[in-house]
Amino acid sequence: MSVASALTERAFADRRMSDWEELDAILRKASTTRLRKLSKHEILRLPPLYRNVCADLAASQAARYSAPLVDYLRGLAAAAHTLLYARGGSFGRLRDGTLRYGWFVAFPRTVRARWRAMALAAGLFFVPLAIGAVLTLRDPSFAFRIVPEAMLRPLTESYARGFADGRDAGESAMMASFYINNNIGIALRCFALGIFGGLGSVFYLVQNGISIGAIVGYVTSQGAGMNIVTFVVGHGSLELGAIVLAGGSGLSLGWSIISPGDRTRLASLQSAAREIIVIVFGAAVMLLMAAGLEGFWSASSVPRTIKLAVGAALFLLLSLYVVLAGRGKGSQRSKSNQKVAS
Amino acid sequence: MYLLLLLRAPLDTNVAVESPEHIVFDYRVAGPARRSFAHVIDLFLCYGAVTLLVLVIAFAFMGGRTPSMSMFAAKVGFSLVLLALFAAQWIYFAAWEAVLGRTPGKMLLSLRVVTTEGRPIGIKAAALRNLLRAADLLPTAYVVGVVCMAATTRFQRLGDLVAATMVVVPARATKATALALVPPAAPDELASLPDEISLDEDERSSIELFLRRRHALGRTREQELAAMIARPIGERVGFWHPDPARLLALVYDRAVNAGRTEAPSSRRWPAVVPEAR
């Protein structure tokens, strides 16, 4: 490649320096004050200046100018690139109400699209739960192998006391926060550890299933069975459903590595994760609602029949939502979204 | 040509990213040490805030007028602490990175999270890479994460792999200072220096690197290094000088600054030493 006709570096720099400095000033302003603080003029200048710097960078590489000049231009171009090529954009989020779309369309759809993983997760959760309950009903001491006795006894006593006294507001708030911290933490971990081929999710699902089964079985064997059902029925569908969804997402994540189809394992993992995260967001919101119910409603002194009715209604609503929401309209949009995502 | 550049990529921690304008940028990827410092700072900030909250609540608890009021304050306070702990563990990192692409700890160590294509990350990527923290910190002290970083070219932990992100040090080079010949070429040097010298890319860049570094070397080492290539280059261009480092400087100056249009002669441009940047 002949460079005989190229400018000297000094002349090149002198000629182009004003553009570079203008771009540099805009970038520095944007990095300290965010993009929206830029003036209209500066925003209009940004794309042409960026294109010019790209051209200058290419020219200076071809002419083999010295490394500092090339580095300077590369840094300038990289910083402008970061500013210009933001993903999706915060503007789109405001315009489309993506939050509503995510909750009423994307979440139920993604759950249905991955129903096999969800069904498997439900099996991995509810079968150990049933086993735990049955074994404990046969022999109550079985529960102590799963859950420490020191924890089971006070728990049973509190259920045996019933809910006639209710809970005061402070205790309700405390318990709700405890459930948020504990249950959402478990659900998120249950998803995240699915990265190890789904094994982490299997562990959390089975472990939580069998402990809940043991607790329910033990409390029932001590004669407070109706009370624990009354307690669980209100928030149960949301809470256990969310754990199953989080576990199913983890299984999906693991499966995307084990069976990547016609992509590389990494590409399959990344695109699956991008879809599945919607389910995890949804499960976290469900657990948030469940924690509120569990803290303020489930242990309140409301009569048993009302609690049972509300629990059944919630279960029905949740099932209908997962099965029916987001069908039909907007299918175009989800396709275009998927294209962007992949 | 870029393919060639990529194939010949040196063994360092830079990652090349190609823009839609077919410009290739280098990002310097942050290593485990720098990232763990940032993480420790973030942990201090998070749990410092939680501790502060506990103290404030403890004072409020003591200030209650009746025992039942204090109990109520204690319970509400405890629930706030639980929420704060939850936020510190699951929300703090994701929220900062979703909005600004960096947590306060990363800001202090000038780190930034970008996608592997070099773009800012969004909510989904921020949430994913921070949820997967739960897997990375297993079995203890991020062992899984560090092993994973060691095994990937971009120092990605599991969370980075899943979210297709990487942590970079977005360093901006300061304005270029051209290399100049100091002292300017003397007449007797110019007399024997050929009018046009062409160096190939490797020669040019290695001489340039040498000239920029030479005042950091000892005088003996400088001569020793220069002598290694001064003779073959001098023979090829037909120029000889008793001082090999000076020979390289003269040859470089002539190759870079002469023989091009608008070229100021090297005598009119003895401007600056390559300043420390």
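A quick note: this is a predicted structure, and the numbers were derived from the prediction, not measured. (Residues numbered from 1 in each chain as written. Chains lettered and ligands numbered in written order. Predicted model: local features only at pLDDT ≥ 70, side-chain atom pairs only at ≥ 80, totals over all residues. Heavy atoms only, no water.)

**Some remarks on the overall build of chain A**
Right, so step 1: Secondary structure summary: chain A contains 13 helices and zero strands in total.
Right, so step 2: The helix and strand sequence of chain A, counted from the amino end, reads α-α-α-α-α-α-α-α-α-α-α-α-α.
Right, so step 3: Accessible area for chain A stands at about 16,700 Å²; split by element, carbon and sulfur atoms hold 64% of it. (Helix = DSSP H or I, 4+ residues; strand = E, 2+ residues; numbered from the N terminus. Areas by Shrake-Rupley, 256 points an atom, 1.4 Å probe, with all protein chains shown as cover.)

**Details of the side chain of Ser271(A)**
Residue and element names in this part refer to chain A.
Right, so step 1: Structurally, the position occupied by Ser 271 is in helix α11 (residues 265–296).
Right, so step 2: Of the residues examined, Ser 271 reaches a relative accessible area of 16% and is grouped as buried.
Right, so step 3: At 3.4 Å, the side chain of Ser 271 and the backbone oxygen of Ser 268 are in polar contact. (Buried < 20%, exposed > 50% of the residue type's maximum accessible area, 1.4 Å probe, protein only. Polar contact = N/O pair within 3.5 Å; in protein donor to acceptor, adjacent residues only side chain to side chain.)

**Quick word on the layout of surface pockets**
All names here are of chain A.
Right, so step 1: Taken as a whole, the second largest pocket holds about 1,500 Å³ of empty space.
Right, so step 2: Taken together, 44 residues form the lining of the second largest pocket, with Leu 155, Tyr 159, Tyr 179, Phe 231 and Glu 294 sitting closest to its centre.
Right, so step 3: Looking at the lining of the second largest pocket, the elements that each hand over two or more residues are α6 (115–138), α8 (149–161), α9 (169–192), α10 (199–258) and α12 (304–324).
Right, so step 4: In terms of residue class, the lining of the second largest pocket is built from 26 nonpolar, 12 polar and six charged. (1 Å grid on protein atoms, 1.4 Å probe; cavity = no way out; pocket = protein on both sides within 12 Å on 5 of 7 lines; lining within 4 Å. Points joined across faces, edges and corners; volume = space filled by probe spheres on them. Nonpolar A, V, L, I, M, F, W, Y, C, P; charged D, E, K, R; others polar.)

**Points about α12(A)**
All names here are of chain A.
Right, so step 1: Taking 1.5 Å as the rise per residue, α12 with 21 residues should run 30 Å; its terminal C-alpha atoms sit 30 Å apart, in good agreement.
Right, so step 2: Taken together, the buried positions of α12 are occupied by Lys 307, Gly 311, Leu 318, Tyr 321 and Val 322. Seen along its axis, α12 keeps its buried residues to an arc of 95°; they face one direction. Facing away from the buried side of α12 by over 90 degrees, the exposed positions are Thr 305, Leu 316 and Leu 317. (Expected span 1.5 Å × (residues − 1). Arc of directions from axis to C-beta.)

**Digging into the pattern of salt bridges**
All names here are of chain B.
Right, so step 1: Overall, the coordinates contain 19 salt bridges over all chains when judged by the stated rule.
Right, so step 2: A salt bridge links Arg 35 to Asp 160; its shortest N-O distance comes to 2.9 Å. With Arg 35 in helix α2 (residues 32–63) and Asp 160 in helix α8 (residues 158–163), this residue pair connects regions lying 125 residues apart in the sequence. Comparing Arg 35 with Asp 160 shows no difference in burial state: the two are buried. (Salt bridge = Lys/Arg side-chain N within 4 Å of Asp/Glu carboxyl O.)

**Points about the sheet that holds strand β3 (residues 112–115) of chain B**
Residue and element names in this part refer to chain B.
Right, so step 1: Pairing is antiparallel across the open sheet formed by four strands, whose spatial order is β1-β2-β4-β3. At either end of the open sheet lies a strand with only one pairing partner, and these are β1 (14–18) and β3. The mean inter-strand angle of the sheet, taken between neighbouring strand axes irrespective of direction, is 55°.
Right, so step 2: Relative to strand β4 (residues 165–169), strand β2 (residues 24–29) runs antiparallel, the two sharing two bridges. In the strand pairing of β4, Arg 28 is matched with Val 169. (Pairing = 2+ DSSP bridges. Axes fitted to C-alpha atoms, helices over the stretch in contact; angles between N-to-C directions.)

**Things to note about the nonpolar core**
Most often, soluble globular proteins have nonpolar side chains that are buried together.
Right, so step 1: Among the nonpolar cores identified, the biggest contains 84 residues, and Phe107(A), Phe191(A), Ile195(A), Leu245(A) and Leu131(B) are the most heavily contacted of them.
Right, so step 2: Excluding residues within four positions of it along the chain, Leu131(B) makes contact with Leu188(A), Phe191(A), Ala192(A), Ile277(A), Val280(A) and Trp90(B).
Right, so step 3: Among the nonpolar cores identified, the runner-up in size contains 35 residues, and Cys54(A), Tyr72(A), Phe25(B) and Tyr27(B) belong to it. (Core = buried A, V, L, I, M, F, W, Y, C linked by side-chain atoms within 4.5 Å. Contact = heavy atoms within 4.5 Å.)

**Thoughts on the environment of Ser319(A)**
All names here are of chain A.
Right, so step 1: Considering the arrangement of structural elements, one finds Ser 319 in helix α12.
Right, so step 2: Judged by relative accessible area, Ser 319 falls into the partly exposed class, the value being 29%.
Right, so step 3: For the pair formed by Ser 319 and Gly 241, sequence separation is 78 residues and the distance between their alpha carbons is 9.6 Å.

**Let's talk about the environment of Leu308(A)**
Residues and elements named next belong to chain A.
Right, so step 1: Tracing the backbone through its elements, the reader meets Leu 308 in helix α12.
Right, so step 2: Judged by relative accessible area, Leu 308 falls into the partly exposed class, the value being 29%.
Right, so step 3: Sequence-wise, Leu 308 and Gly 170 are 138 residues apart; in three dimensions their C-alpha atoms are separated by 25 Å.

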